[in-house]
Amino acid sequence: MQPVYPPAPPLPPSTVPPPGPLPVVAAVLVGCWTVAAVLLPQLVGWVAEQILLASGLHQPVWIWPVVSLVTVVAVGVPALLLALLPRSGAVRATGRAWLAGAVALGVLGLLRMIPAVHHEAYLAALALVAALTAVVAARLLRADTAAATGGRDDTAGVTDGRDGTAGVTDGRDGTAGVTPLAVAAGLLLLLPWLWLGALGGLLETVLAALAATAVGVLAGVLLDVGFWARFGAGRPTRPALLVLGGGSVAGVTLLLLAAGTGHSGAQLAMLLTLPPVGFVLGALQAPTGPGGRPTGRAPVRWLVGLGVFGPLAFTDPEEVTLLLSTTRDVPFWVMVTAGAGLAVALVLSVGYGVLLPRRVPGRRFATAAVAVLLVAGTLVYAGPGQPGLHGERLLVVLRQQADLRDVPATAGAAGRDARVREVYRRLVDTADRTQADLRRELDRLRLAHTPYYLVNAIEVDGGPAVRAWLSSRPEVDRVLVSQRLRPLPAPAGTSRGDAAGPAGPEWNIRMIGADRVWSELDVDGSGITVGSSDSGVDAGHPTLTAGFRGGDDSWYDPWEGSRSPRDRSGHGTHTMGSAVGRDGIGVAPGANWTGCVNLDRNLGNPAHYLDCLQFMLAPFPPGGDPFTDGRPERAPHVLTNSWGCPTIEGCDPQVLRPATAAFDAAGVFVVAAAGNTGPYCASIDDPPAPYADVLTVGAVDRSRRVTDFSSRGPVPGVAKPDLVAPGAGVRSAMPGGGYSVLDGTSMATPQVAGVVALMWSANPALVGDLDGTRRILRETATPVDASPAPGGEATSTCGGAANVAGAGLVDAYAAVRAARV
């Protein structure tokens, strides 16, 4: 039989005289200032990080500590004055809540010094620090809670029901359904993330849940029963003050917590969705039934915890980046999800604010609502959502790499094919022999893995514990994080050009003399194959259709497994068009091409770069095993690579070095973009551009001046860039038959690959002679203006013109004539 409890005594009436309007006005002004002082530094800090990332510069660890310190000072000083000076208990409670929130922001914001690539470590630290902060804050705020509630706080009711939270657990008053209603509201906030987001790995998801729980507990401490009592909780005549006044103050407090929660990028969504929850919390604290009391911390913990879990678990902060903002990729869907979350929060604020002060549904109704939302969320996640775990993987680089030093450097088509076969054999043999024990262990532990031979490495599923175990093995040199993009709710869309088509040879083709090679020397690249690792290629484009080599080993898509060439971003179609496109856009229009997708959504990882590079060394048919089904004699002659692998994608400076060394030994000519991080000196740093056995290409404009964006040397131990080519305002093909005019060393690089195709087509004996080809290219290059642009950003010659422009502008006509001699 249910015991009968006497009604809880009412809260003591306030003995403080009604405050004047000035404290309230001051609180409003401080609140507006706090919102601005939080939002502006958060946006500035994130944009600064993104600019540094896009510029290829290292991101200093002091950015977020400085942002946190500035915010704590800017918010904390006026909040402290509010907490001490006014006579109004509500205004003082406002100041204390904002001061505590600012301090929590400062403490949690320091955790962003942990690199984003170590997201699991960040989430674990967030859970621990948020929990410890909650414990300290609870002790510091205990006296204020007791004063506001007449000597009682809301911790007792969790265990023995001696205060106003009793109804949450034993049903003595009308608050029995409040906590389930808070859970229901949190599930509604989570629903857009279940639909449009995607989870990371198992450990990452568990840590995100723990971190969200800890932040919810911290919010419950800051917005406890003492806080709500100051705004009239427990007084049936003041629901508007509780919902609007207390809700506004709570919303600003949650804004402070949101600003400190999540790696850079993840907090942006919370800044939009979490503050309106303050009004919902105010409604949940409304008095109901005889002897109604503030419902305390439980609703705050549940609602805030679920509201935080969505952005923490369903978004990889590294993907909330300007690098993915040009199409409907992760930043777009995060914005859509945050907008949906904001709409849900506002609807809940109005609905709960109107209904709950009048009547709180019983526990049965509220519990049923939670059950319905749980079922709905599961169906949404399993149906239109992106179910499953999509965490990062690990790239295990082994100590022993294949010895290719004595491979005979034979030239000519037959000699080059023999070299490629020998290199392929040695690489596969080394990988099979040295990976055998590790593969058996991975199979025994049921850890999914993919072996590679071009770099002796294995990509493995696993988190920090697996990484530590792998790093301890004697055959392992190092373990890198191989980033994986999470799936999208819909394709990112296809970029299509909006420029007019060519009316003859383009200006860049004429500048390097390729049109003269066609007309005067009767050479167009016939007999040579150019391979492209990029975003893909639209083989249906009229300038590229005839050049596709065809067969079952000329296309590979490790992202989606497509069987025919395709390209969504347009970058790969544009670069391939500049290399071999017809109608005046390509340098070697008679050459064939093969393609591979290594950068489907503008962010890659070392494993996918290796997938494509292995395919280029030894093409294989669809579904084939690169180790056993490779056809090295079908390797392209020249590779064009308009990409780089920075640390954000998981690469370190040397990870791809064995791959380019293998191509060099095999007689395959590799051309790579210098990068677009100029005019900063020493900005050629993302693999493979800094490698000595790669021909690295910078960019010039129509006036033969090196562009500001073209990356510069010096590079330790080697002179870079090697050459420059036209890279500003280059017209080329785009998916769907269109054209676009783009800037970048990406545009310059395929033109040099096309020049090599012309040289080898003119003199087949030069095929595979990499040193001789590089020498001719350098000796026939023409001077360019490598001085800083007037009024531009460049302020240094970076140690000499050679570190800016290399040997100069590639000259196709002179190079082909020299190749024929």
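Cut-offs applied
Residues numbered from 1 in each chain as written. Predicted model: local features only at pLDDT ≥ 70, side-chain atom pairs only at ≥ 80, totals over all residues. Heavy atoms only, no water. Axes fitted to C-alpha atoms, helices over the stretch in contact; angles between N-to-C directions. Helix = DSSP H or I, 4+ residues; strand = E, 2+ residues; numbered from the N terminus. Parallel < 35°, antiparallel > 145°, perpendicular 65-115°, else oblique. Left-handed = near helix turned anticlockwise from the far one by under 90°. Contact = heavy atoms within 4.5 Å. Nonpolar A, V, L, I, M, F, W, Y, C, P; charged D, E, K, R; others polar. Pairing = 2+ DSSP bridges. Disulfide = S-S within 2.5 Å. Buried < 20%, exposed > 50% of the residue type's maximum accessible area, 1.4 Å probe, protein only. Phe/Tyr/Trp six-rings, centres within 6.5 Å; stacked < 30°, edge-to-face > 60°. Core = buried A, V, L, I, M, F, W, Y, C linked by side-chain atoms within 4.5 Å.

1. A look at the packing of helix α11 (residues 277-284) against helix α13 (residues 330-355)
Then, number 1: Between α11 and α13, the shortest axis-to-axis distance is 8 Å and the interhelical angle comes to 20 degrees. Comparing their axes, α13 and α11 come out roughly parallel. Pair α11 / α13 crosses with left-handed handedness. For the pair formed by α11 and α13, the contact residues are Phe279, Val280, Ala283 and Leu284 on the first element and Ala345, Leu348, Ser349, Tyr352 and Gly353 on the second.
Then, number 2: Classifying every residue of the contact of α11 with α13 by side-chain character gives 7 nonpolar, 2 polar and no charged.

2. Observations concerning the sheet that holds strand β9 (residues 592-597)
Then, number 1: Spatial ordering of the open sheet is given by β8-β9-β7-β10-β11-β12-β13, a layout of 7 strands whose pairing is parallel. What marks the edges here is a single partner per strand, and that holds for β8 (555-556) and β13 (723-726).
Then, number 2: Relative to strand β11 (residues 669-673), strand β10 (residues 638-641) is paired through 4 bridges, and the arrangement is parallel. What sits directly across from leucine 639, in β11, is valine 670.

3. Notes on the state of the cysteines
Then, number 1: Across all of its chains, the model carries 3 disulfides by this definition.
Then, number 2: Disulfide pairing places cysteine 681 opposite cysteine 798 at an S-S distance of 2.0 Å. Judged by the torsion about the S-S bond (-85 degrees), the cysteine 681/cysteine 798 disulfide is left-handed. With cysteine 681 in the loop between β11 and β12 (695-700) and cysteine 798 in the loop between α23 (770-780) and α24 (802-805), the pair connects residues that are 117 residues apart, well separated along the chain.
Then, number 3: Here cysteine 681 falls in the partly exposed class, since its relative accessible area comes to 33%.

4. A closer look at the packing of aromatic side chains
The geometry of an aromatic ring pair is captured by two quantities: the separation of the ring centres and the angle between the planes.
Then, number 1: Tallying each qualifying case throughout the model produces 13 aromatic pairs.
Then, number 2: With centroids separated by 4.9 Å and ring planes inclined at 80 degrees, the aromatic side chains of phenylalanine 227 and tryptophan 228 adopt a geometry described as edge-to-face.
Then, number 3: Judged by its relative accessible area of 3%, phenylalanine 227 falls in the buried class.
Then, number 4: When the centroid spacing of 4.3 Å and the interplanar angle of 5 degrees are considered together, the rings of tyrosine 609 and tryptophan 643 count as stacked. Residue tyrosine 609 is found in helix α20 (residues 606-617), and its partner tryptophan 643 is found in the loop between β10 and α21 (657-666); the two are separated by 34 residues along the sequence. Across the pair, tryptophan 643 and tyrosine 609 agree in class, each one buried.

5. Observations concerning the nonpolar core
Then, number 1: Core analysis: the largest hydrophobic core is formed by 106 residues, its most contacted members being Leu281, Leu284 and Tyr352.
Then, number 2: Per-element tally for this core: the top contributor is helix α6 (residues 178-196), with 12 residues.

6. Observations concerning unusual backbone geometry
Then, number 1: At the junction of glycine 678 and proline 679, the peptide bond is cis and its omega measures out at 10 degrees in the coordinates.
Then, number 2: Note that proline 679 resides in the loop between β11 and β12.
Then, number 3: Each neighbour pair has its own omega, and for glycine 713 with proline 714 the value is 5 degrees, a cis peptide bond.
Then, number 4: Along the polypeptide, proline 714 turns up in the loop between β12 and β13.
Then, number 5: A positive phi angle is found at aspartate 583, which is not glycine, with a value near 65 degrees.
Then, number 6: The phi dihedral of asparagine 602 falls on the positive side, at around 70 degrees, and the residue is not glycine.
Then, number 7: Along the chain, asparagine 602 turns up in the loop between β9 and α20.
Then, number 8: Looking at asparagine 602, the relative accessible area reads 41%, which means it is partly exposed.

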